[in-house]
Amino acid sequence: MAKSYSKRILSDALANLGNELGRAPRQKDLTLEMASRSTYLRYFGDWKTALEYAGFVDSAAQEKQEEQPARPAEDNCSIVKEATSEIKLINLCGKPITFLDRNGESDVLPPAGKAYVCFNDPVQPVAAKVLGTIINDVPVVASRLRKITVLSDGGIEQKFPPPTNNTFYIVSEVVARNVYRFGRSSLDLLYPQSKYMANGVMYIETLGMVYTKNLPICSRQ
């Protein structure tokens, strides 16, 4: 019977291999127990993207840089300026946002909805039932991640947006840290790391980025 794969299964296997090797895996490192090189390329398009999904961001960037000829410094500067001018920020925190820096406050970025992590209905495993009888019959339940979704201002549920060139989404930390579980990279997701609320507006001093799925998962929404 043919094995069934998904991006999550493939990236998890690649991450485990990298942990054993102590470095980012190369295509020749794939073992007989793993999916073939052609399977990885079919699901991810190229090896660099497969490494990014597995959390090896620095290695993927280095590999891309080595594959491309060096550009003159002036050309690189123009590329950075051009990319910066095209960057689009979309607020999926559900609250108006403004950024604080030494120059003052930015314009308010209104919400385009709120991204949520949805869980399955809690269940009580057999082991939890036994444990509950020991703890004065306090129920012990478990939940499983079901999906990440976006609730619009009008209360309409939408799919979480796929990666788009030069577009970054500001989401909660728990959303940013859990997208890897659904086969999506988190490199275009930013979350408020240092913030405070005032008059219904979220003031952000520092933004965080989850650059690898091996970082701890935070439970804050």
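From a predicted model like this one, the values you see are computed outputs, not experimental measurements.

Draft legend 1. Seen up close, the packing of aromatic side chains. Inspection of the entire model under this criterion finds 5 aromatic pairs. Geometrically, the ring pair formed by tyrosine 40 and phenylalanine 44 is stacked, given 6.2 Å between the ring centres and 20° between the ring planes. Note that tyrosine 40 and phenylalanine 44 are positioned in helix α2 (residues 37-44) at a spacing of 4 residues, about one turn of the helix. In terms of burial, tyrosine 40 and phenylalanine 44 fall into one category: buried. Here the aromatic cluster, defined as three or more aromatic residues joined through ring pairs, consists of Tyr40, Phe44, Trp47 and Tyr53.

Draft legend 2. Quick look at the packing of helix α1 (residues 7-21) against α2. Axis separation between α1 and α2 bottoms out at 10 Å; the angle between their running directions is 125°. When the interaxial angle is binned, α1 and α2 end up oblique. Note on packing geometry: the crossing formed by α1 with α2 is left-handed. Touching Lys7, Leu10, Ser11, Ala13 and Leu14 of α1 are Thr39, Tyr40, Tyr43 and Phe44, all from α2.

About the cut-offs
- Residues numbered from 1 in each chain as written.
- Predicted model: local features only at pLDDT ≥ 70, side-chain atom pairs only at ≥ 80, totals over all residues.
- Heavy atoms only, no water.
- Phe/Tyr/Trp six-rings, centres within 6.5 Å; stacked < 30°, edge-to-face > 60°.
- Helix = DSSP H or I, 4+ residues; strand = E, 2+ residues; numbered from the N terminus.
- Buried < 20%, exposed > 50% of the residue type's maximum accessible area, 1.4 Å probe, protein only.
- Axes fitted to C-alpha atoms, helices over the stretch in contact; angles between N-to-C directions.
- Parallel < 35°, antiparallel > 145°, perpendicular 65-115°, else oblique.
- Left-handed = near helix turned anticlockwise from the far one by under 90°.
- Contact = heavy atoms within 4.5 Å.

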